[in-house]
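Descriptive structure summary
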Amino acid sequence: MQKIKSLMARQGLKSPQESMADLSPVENLRIPSKEELRELREQPIDPQAEQEIIDSIEEVYFSNDSFDMVQHELEKLPPELNLQELEDYRDKLKRQQAAELERVTALQTNLQLAAVICTNARRQLSVAKEGFTEASLGLLANQRRRQLLTGLLKSLRTIKTLQRTDVRLSEMLEEEDYPGAIQLCLECQKAASTFKHYSCISELNSKLQDTLEQIEEQLDVALSKTCKHFDVSHYTKVQLAYTLLGKTQTAMDQLHMHFTQAIHNTVFQVVLGYVELCAGNADTKFQKMQYKDLCTHITLDSYIPCLTDLCKALWEVMLSYHRTMQWHEEHDKQEVTVMTVSASVVDRSYVKKKLEHGLTRIWQDVQLKVKAYILGTDMSNFKYDDFIVVLDVISRLMQVGEEFCGSKSEVLQESIKRQSVNYFKNYHRARLEELRMFLENETWELCPVKSNFNIAQLHEFKFMGQCRSPSVSPSRQAASSSGPAQEQLSLFQQYLQEGNPFEMPAEHREEETEDVLASNGYESDELEKSVYQDYDSDSDVPEELKQDFVDEQTGDVPLKSVSRETIRSKKKSDYNLNKTNAPILTNTTLNVIRLVGKYMQMMNILKPIAFDVIHCVSQLFDYYLYAVYTFFGRNDMYESSGLGLISSRLRTTLNRIQESLIDMEAAGENAGVHGPAEDRKEKVPSPHLSQMVVLTNSGTLYGLAQRVVATESLVFLAEQFESLQSHLDTMMPAAKKPFLQQFYSQTVSTASELRKPIYWIVAAKAIDYEQMLLLMAGVKWDIREIMSQHNVYVDVLLKEFEQFNKRLGDVSRHVRIPLPVSNVLWEHCIRLANRTLVEGYANVKKCSNEGRALMQLDFQQFLMKLEKLTDLRPIPDKEFVETYIKAYYLTENDMEQFIKNHREYSMKQLANLVNVCLGSHINKKARQKLLAAIDDIDRPKR
């Protein structure tokens, strides 16, 4: 093709394009005739020969347009020209030129024909365009433009809607439809991303981001509201909103922060309100104070109301947390049934652990706030009832903590224990001083109570009938006693929807009215009549007297019980036919019992101070026992009597009380001994008997009525303590239980032992034993014949006993004399009489066998008459007298053994047996030997 173009250029021929360009579409176009086209087609053409000719053309002819063919050919001529060769070469070149020219001409003809065809096609296309194509394509273009404009309109409308979503978002936020607002906002953001190629969308995206941040802020505020007043629907919306934002874990972190803040703000506002109310002015300095300092400004009058409101507010916070946990537990159960992604499982696990760990943290914050409030005020001067209310409220709060997170509330226990110990020391000190005042002004008159009286009827012991745990407050017990179903409900179950465990219940005074006092010693006229109607029954006989033995823990030989027949027939020792079998106690005793009830109530509410309380309770009993002994039992007469009226256990107990509790220096005793001031502060001066109590009047049997009331009220108090032992034992810490056991075994059980020394004084003075000794000294015992008539001193002694019996009856008209008391009195009198008889027989200078027989006759007469006056069996010291009388008949060897075996007799009495009985039958050496044996026995006593 390149060769053809070169040849055409050399020949001055134009290319088809140039030829077509020179021709106008119509004027310059020459269409070959049919003859020319046919002539061209009919010329014989040998393609192979023609190709060979063309191929023989040198390549140089096709090199470039500036090639000079003539010059080239001339240069090829040889030096010597041969005409023939030149002509042959010229012919060759002509053939080559003709062949190439023929091809060029054919190509030009074809090109011209193609140009004509194209021109005709263009003309035809122009006609078609004008007739159909331009109109149709215009319609298509307009349709496409319409579609584009419709899409643009929709986009503009969407953008307009997006720009107006802020109004709807504001409405949703006002309606607290946080999930809907977030959903709308997210959808707007997604839609805005589609139109981000519009310039106005960037501003809209920024606006939507600001709105989301605003929603998060409002969500945080809404979340904080659930800390005080939990609402299920509200909290559900908030959690759903945080889930849409993908910030569930962040929400939980924020929630715990809000709970902590809610606790602080709540307690501060409650305490601040009371402080400002009590201050009476709007001083702003309180608002700038720390909570701990603010608590010190609470007044005593507002302390309990403020504490109650404080616990109410904290309860609301803890209840909200409890309900929050419930919501998540129920929500998790619902989600378990639905296929959830791993991220949701991770969130639930995180929330569960966070809530569980938050329980202890929340309760610790509550404890610290309440601790600061408790320790901010000195409660040592609180009234008892007010302090019990404080303990009750704190006890309920500790119960809440135990149910809330299983905590033992060590912080609260330690703080309230510190306050309780401080309060209780001051309170107990004041009560001991009060008890001393009561005892010193006590006239020991009978306080008439009903026969069925028991401590459970007193207000102070009502809590014991409710069988409750020490950690549960009394007010809660009132609620729990309403039914078995409600007892099983926890505080959070009881007050889940409404109410508050710290609401103070209204007191019903009419239900708390005590009915324990009798009128004039009788419960009613009918009851007085029934005493005589039931006289023959043994209902008034104590159960212990129906047994074979009465164990008074005295160490003596047990007394034989009185038979029913004896009681029915005589009842000589019953001086109470006109009295009911009501307990004997005084107003002071009743006050002590009430005080013990208060102490136990305090201990029952706050178990950690149980030991301190029980120790103080023991001091109340110790002081009462010591006072009764000091007033009525201390006497030097029986110290030398040798009767062992005070047991070693009782003596040890009295010495212990005197050393540990009695301030002898304040009492004027042991003035030279000065103990530490701190030790003296814990002690109480010894009480003094009221001057209105006269114990020296023989007409009243030396104050027997007062002695009976004092001693039996102490015994009754001991019986009440015995009934409380099991309850106290459950309260006492295990390490301190030996103290309680020792208190009962060495102190409480010795109360009945005071009967012996107290009633001995009456027995020692009521009968004139000295007169009997004088009458016995006037009797002649060295008679030579057996007498059938007893001596007059026996009748005198029996008359003394009859008079004593009558005076006992007179006393019993005012104060019931229980059978154990009358038995002790008769026992003392009989023992003293029998020992006086032995002493009288030991004063005999001369005595014959007939005189010994007279002694036996006198004693048998005394016993026979005595058994008609008293039901006491066996007769005390009967063997003491009989053995001594029979010793007059012993031989020398038997007497030596008798001296060794019978050390209950005094040295004088044994010496009299040797001198009078064996004096005329043994030599001086044998007598000295026996007297030496007696002296050996007496020496250790000296």
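Predicted, not measured: the structure shown is a model, and the values here were computed from it.

1. Observations regarding the overall build of the protein
Helix and strand counts for the protein come out as 36 helices and 4 strands. By the burial criterion, 43% of the 942 residues in the protein qualify as buried. For the protein, restricting intrachain contacts to residue pairs at least 6 apart in sequence, the fraction spanning at least 24 positions comes to 80%. Of the roughly 50,700 Å² of accessible surface on the protein, a fraction of 51% belongs to carbon and sulfur atoms.

2. Section: the nonpolar core
Grouped together as the largest cluster of nonpolar side chains are 226 residues, with contacts concentrated most on Phe801, Tyr841 and Phe862. Ranked by residue count, the leading element in this core is helix 23 (residues 610–633), at 16 residues. If near-sequence neighbours (up to four positions away) are discounted, Phe801 is found in contact with Ile767, Trp826, Cys829, Ile830, Ala833, Phe862, Leu866 and Leu869.

3. Quick notes on a nonpolar patch on the surface
A surface patch of nonpolar side chains, about 370 Å² in accessible area, is lined by Val70, Leu74, Leu77 and Leu81. Among the secondary structure elements, Leu81 is positioned in the loop between helix 5 (69–76) and helix 6 (83–163).

4. Side note on the pattern of salt bridges
Under the defined criterion, the tally for this structure stands at 20 salt bridges. Across the salt bridge formed by Arg594 and Glu460, the nearest N and O atoms sit 3.2 Å from each other. Of this pair, Arg594 sits in helix 22 (residues 587–605) while Glu460 sits in the loop between helix 16 (410–441) and helix 17 (474–480); the two residues are 134 residues apart in sequence, bridging distant segments of the chain. Via salt bridges that share partners, Arg429, Glu433, Arg436 and Glu440 belong to a single interconnected network.

5. Side note on the packing of aromatic side chains
Evaluation of the coordinates by the stated rule reveals 34 aromatic pairs. Centre to centre, the rings of Tyr303 and Phe382 are 5.3 Å apart; their planes meet at 85 degrees, and the pair counts as edge-to-face. Of this pair, Tyr303 sits in helix 13 (residues 300–336) while Phe382 sits in the loop between helix 14 (342–375) and helix 15 (384–405), and the two are 79 residues apart along the sequence. Neither Tyr303 nor Phe382 differs from the other in exposure class; each is buried. Three or more aromatic residues link up through ring pairs in this structure, and these residues are Phe259, Trp315, Tyr321, Phe404, Phe492 and Tyr495. Taking NZ or CZ as reference, Arg431 lies 4.5 Å from the ring centre of Tyr427, over its face. The side chain of Lys736 reaches across the aromatic face of Phe611, ending 4.6 Å from its centre.

6. Focus on the packing of helix 32 (residues 849–869) against helix 33 (residues 878–886)
Axis angle and axis distance: for two packed helices, these are the angle between their axes and the distance between the axes, and together they describe the pair. Helix 33 packs onto helix 32 with a crossing angle of 165 degrees between their chain directions and a minimal axis gap of 10 Å. The pairing of helix 32 with helix 33 is recorded here as roughly antiparallel in orientation. Crossing geometry of helix 32 relative to helix 33 is assigned as left-handed. Facing Arg852, Met855, Gln856, Phe859, Gln860 and Leu863 of helix 32, the residues of helix 33 in contact are Lys878, Val881, Glu882, Ile885 and Lys886. When its residues are assigned to classes, the contact of helix 32 with helix 33 shows 5 nonpolar, 2 polar and 4 charged.

7. A look at the environment of Trp363
Along the chain, Trp363 falls in helix 14. By relative accessible area, Trp363 is classed as buried at 1%. Distance in space between the C-alpha atoms of Trp363 and Ile263 is 10.0 Å, their sequence separation being 100 residues. Sequence-distant contacts of Trp363, that is, excluding residues within four places in its chain, are made with Met318, Leu397, Met398, Gly401, Phe404, Cys405, Ser407, Ser409 and Leu412.

8. Topic: unusual backbone geometry
With an omega of -10 degrees, the peptide bond running from Arg873 to Pro874 counts as cis. One can find Pro874 in the loop between helix 32 and helix 33. Even without a glycine there, the phi angle at Ser409 is positive, about 55 degrees. Position of Ser409 among the secondary structure elements: in the loop between helix 15 and helix 16.

9. Considerations on the environment of Ser395
Looking at the element boundaries, Ser395 is found in helix 15. A relative accessible area of 1% places Ser395 in the buried class. Ser395 sits 18 residues away from Gln413 along the chain, and the two C-alpha atoms are 9.0 Å apart.

10. Points about the packing of helix 16 against helix 22
Packing of helix 16 against helix 22 brings their axes to within 11 Å, and their N-to-C directions diverge by 170 degrees. Between helix 16 and helix 22, the interaxial angle falls into the category roughly antiparallel. Where helix 16 abuts helix 22, its residues Tyr423, Phe424, Tyr427, His428, Arg431, Leu435, Phe438 and Leu439 lie against Thr588, Asn591, Val592, Leu595, Lys598, Tyr599 and Met602. Here the contact of helix 16 with helix 22 is built from residues that sort into 10 nonpolar, 3 polar and 2 charged.

11. Considerations on helix 31 (residues 819–842)
Look at helix 31: 34 Å from first C-alpha to last across 24 residues, which is about the 34 Å you get at 1.5 Å a residue. Of all 24 residues in helix 31, 21 are buried, a share of seventy percent or more.

12. A look at the confidence of the model for the protein
Mean pLDDT over the protein stands at 78; residues scoring 70 or higher make up 76%. Contacts of residues 467–486 to residues separated by more than four positions or lying in other chains number 37 contacts, the stretch itself having pLDDT below 50. Taken as a whole, residues 521–573 scores under 50 in pLDDT and shows 72 contacts with residues more than four places along the chain or in a different chain.

13. A look at the environment of Phe801
Residue position: Phe801 is located in helix 30 (residues 792–812). The class of Phe801 is buried, set by a relative accessible area of 0%. For the pair Phe801 and Leu866, spaced 65 residues apart in sequence, the C-alpha to C-alpha distance is 8.0 Å.

Cut-off values and rules
- Residues numbered from 1 in each chain as written.
- Predicted model: local features only at pLDDT ≥ 70, side-chain atom pairs only at ≥ 80, totals over all residues.
- Heavy atoms only, no water.
- Helix = DSSP H or I, 4+ residues; strand = E, 2+ residues; numbered from the N terminus.
- Buried < 20%, exposed > 50% of the residue type's maximum accessible area, 1.4 Å probe, protein only.
- Contact = heavy atoms within 4.5 Å.
- Areas by Shrake-Rupley, 256 points an atom, 1.4 Å probe, with all protein chains shown as cover.
- Core = buried A, V, L, I, M, F, W, Y, C linked by side-chain atoms within 4.5 Å.
- Patch = residues over 30% accessible without salt bridge, like charges linked within 9 Å, V, L, I, M, F, W, Y side chains within 5 Å.
- Salt bridge = Lys/Arg side-chain N within 4 Å of Asp/Glu carboxyl O.
- Phe/Tyr/Trp six-rings, centres within 6.5 Å; stacked < 30°, edge-to-face > 60°.
- Lys NZ or Arg CZ within 6 Å of the ring centre and 35° of its normal.
- Axes fitted to C-alpha atoms, helices over the stretch in contact; angles between N-to-C directions.
- Parallel < 35°, antiparallel > 145°, perpendicular 65-115°, else oblique.
- Left-handed = near helix turned anticlockwise from the far one by under 90°.
- Nonpolar A, V, L, I, M, F, W, Y, C, P; charged D, E, K, R; others polar.
- Expected span 1.5 Å × (residues − 1).
- pLDDT = per-residue confidence, 0-100.

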